[in-house]
Amino acid sequence: MRRPHLPARLPLDPYILALLATVGLAALLPARGPAATAADLASTAAVALLFFLYGARLSTREALDGLRHWRLHLTVLACTFVLFPLLGLAARGLVPGLLTAPLYGGLLFLCLVPSTVQSSIAFTSIARGNVPAAICAGSFSSLAGIVLTPLLAAALLGGDAGGFSPDSVLKITLQLLLPFLLGQALRPWVGGFLVRHKQLLGYVDRGSILLVVYAAFSAGVVAGIWHQVSLPRLAALMLVEAVLLAVMLLATWYGAARLGFGRADRIAIQFAGSKKSLAAGLPMASVLFGAHAALAVLPLMLFHQMQLMVCAVIARRRAQDPVPELTADRVADVSPAPERPAPRAR
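In this text the structure is predicted, and so the values were computed from the model without any measurement.

Novice: Give a detailed account of the overall build of the protein, specifying residues and quantitative values.
Specialist: Along the backbone of the protein there are 15 helices and zero strands. Look at the contacts in the protein between residues 6 or more apart in sequence, and 86% of them connect residues 24 or more apart. As presented, the protein carries roughly 17900 Å² of accessible surface, and 67% of it is formed by carbon and sulfur atoms.

Take a look at the structure:
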């Protein structure tokens, strides 16, 4: 018999461990008083810097080239802001059997958040998909979400999004859209530096999320809202989110095929249309939900970790697919023609 052995690489991203550690730190040492104010200011500044770097990195040429794939971008936007909210509304029937009303409010808010940028690009690249389309689709979704997410939250969540007001929309716009536009304006001077130091954006991305998570969960611990969530309810929430993610992954992959997209575009649609952005969702939740933001973003945090693990597996599987141009039915088209013997000299 062959002895069982552990995999060489465990399927747990170190960043997920960092998120869990941040939640644990907030539970043990929550920020209070002046420290809480400093944490909020630091997280706000980090998110603004993150969107500034997004704007400075996305070249105008890439954005214009991406507009040519308008069908792809409309498909991603429809998945993000139409299909996801419809599934979230359908989950209303799970209250109070599986989910409490506050957890359902967080689940519905999760369905209204824009798509990711960094992870969509990374997974699309690993799976050998249409990377430029993924860049533009994620960026367009983030920009659209600055306006659509608060409006959808006001229409669908109603009083649950107690912090919604014209001032909250303005605050979200100033925190996310204005830095992005400033980055676009300064791109001729800082764009080259960011291209040469791509890891910088990743560090700011992950660091800003950790700061926002610590600030939001610290506020939740201080307010004592964690007594409202039991382990069976958390297990039920994770089950519901697993079904939600599976439905979206299947809908984006096979739906894109029905719409006539090729393999590379289907990969970009699947990864950009099935995921939700923690970097954009957390600051929006802190504005819209106020003191109840920690409980509202709990479903988003769980879904974010779940999508990273599942999509990492899918991306590696897609990377092993045969390249369409080299499949058996097209070998004759790409293989060189047999050489003919040279005519004999007379």
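Novice: Describe helix 14 (residues 293–319), and please don't skip the residues or the numbers.
Specialist: Its 27 residues place the ends of helix 14 38 Å apart at the C-alpha level, agreeing with the 39 Å of an ideal helix rising 1.5 Å per residue. The principal kink in helix 14, of about 25°, is found at Pro-299. Counting buried positions over the 27 residues of helix 14 gives 21, a clear majority of the element.

Novice: Provide a residue-level description of the nonpolar core, including the pertinent values.
Specialist: Leu-107, Phe-109, Leu-244, Phe-271 and Phe-289 are the most contacted members of the largest nonpolar core, which totals 80 residues. When residues of this core are assigned to their parent elements, the largest contribution, 15 residues, is made by helix 14. When residues no more than four places from it in sequence are discounted, the contact partners of Phe-109 are Thr-149, Leu-157, Gly-281, Met-284, Ala-285, Leu-288, Phe-289 and Ala-296. Listed in part, the ten residues of the second largest apolar core include Leu-72, Ala-137, Ala-256 and Phe-261.

Novice: An account of the environment of Leu-200 is requested, with residue identities and associated values reported.
Specialist: Tracing the backbone through its elements, the reader meets Leu-200 in helix 10 (residues 198–223). Considered as a pair, Leu-200 and Leu-50 are 150 residues apart in the sequence and their alpha carbons are 9.9 Å apart. For Leu-200, the contacting residues outside a window of four places in its chain are Phe-193 and Leu-194.

Novice: Go over the pattern of salt bridges with me, naming the residues and quoting the values.
Specialist: Going through the model one piece at a time under the given rule, you end up with one salt bridge. Between Arg-263 and Asp-321 there is a salt bridge; the shortest N-O distance is 4.0 Å. Separated by 58 residues along the polypeptide, Arg-263 in helix 12 (residues 263–273) and Asp-321 in the loop between helix 14 and helix 15 (331–334) bring together distant segments of the chain.

Novice: So what's going on with the packing of aromatic side chains? Residues and values would help.
Specialist: Inspection of the entire model under this criterion finds two aromatic pairs. Measuring from ring centre to ring centre gives 6.2 Å for Phe-84 and Phe-303, while their planes differ by 80°; the resulting arrangement is edge-to-face. Highlighted residues: Phe-84 in helix 4 (residues 70–90) and Phe-303 in helix 14, separated in sequence by 219 residues. For the pair Phe-84 and Phe-303, one class covers both residues: buried. Ring centres of Phe-123 and Phe-271 lie 5.7 Å apart, and the angle between their planes is 40°; this geometry places the pair in the tilted category. With a gap of 148 residues between them, Phe-123 in helix 6 (residues 118–126) and Phe-271 in helix 12 connect regions that are remote in the sequence.

Novice: Tell me about the environment of Thr-252, and name the residues and values.
Specialist: Structurally, Thr-252 is set in helix 11 (residues 231–258). Between the C-alpha atom of Thr-252 and that of Ile-267, which follows or precedes it by 15 residues, the distance is 8.8 Å. When neighbours within four sequence positions are excluded, Thr-252 is seen to be in contact with Cys-79, Ile-269, Gln-270, Gly-273 and Ser-274. A distance of 2.7 Å separates a polar atom in the side chain of Thr-252 from the backbone oxygen of Met-248.

Novice: Residue-level account of a nonpolar patch on the surface, with values.
Specialist: Taken together, the side chains of Val-82, Leu-86, Leu-89 and Leu-156 define a hydrophobic patch exposed on the protein surface, amounting to about 320 Å² of accessible area. With three residues, the single largest contributor to the nonpolar patch is helix 4. Along the chain, Leu-156 falls in helix 7 (residues 131–156).

Here is what the cut-offs are and how they apply
Residues numbered from 1 in each chain as written. Predicted model: local features only at pLDDT ≥ 70, side-chain atom pairs only at ≥ 80, totals over all residues. Heavy atoms only, no water. Helix = DSSP H or I, 4+ residues; strand = E, 2+ residues; numbered from the N terminus. Contact = heavy atoms within 4.5 Å. Areas by Shrake-Rupley, 256 points an atom, 1.4 Å probe, with all protein chains shown as cover. Expected span 1.5 Å × (residues − 1). Bend = angle between axes of the 7 residues up to and from the residue. Buried < 20%, exposed > 50% of the residue type's maximum accessible area, 1.4 Å probe, protein only. Core = buried A, V, L, I, M, F, W, Y, C linked by side-chain atoms within 4.5 Å. Salt bridge = Lys/Arg side-chain N within 4 Å of Asp/Glu carboxyl O. Phe/Tyr/Trp six-rings, centres within 6.5 Å; stacked < 30°, edge-to-face > 60°. Polar contact = N/O pair within 3.5 Å; in protein donor to acceptor, adjacent residues only side chain to side chain. Patch = residues over 30% accessible without salt bridge, like charges linked within 9 Å, V, L, I, M, F, W, Y side chains within 5 Å.

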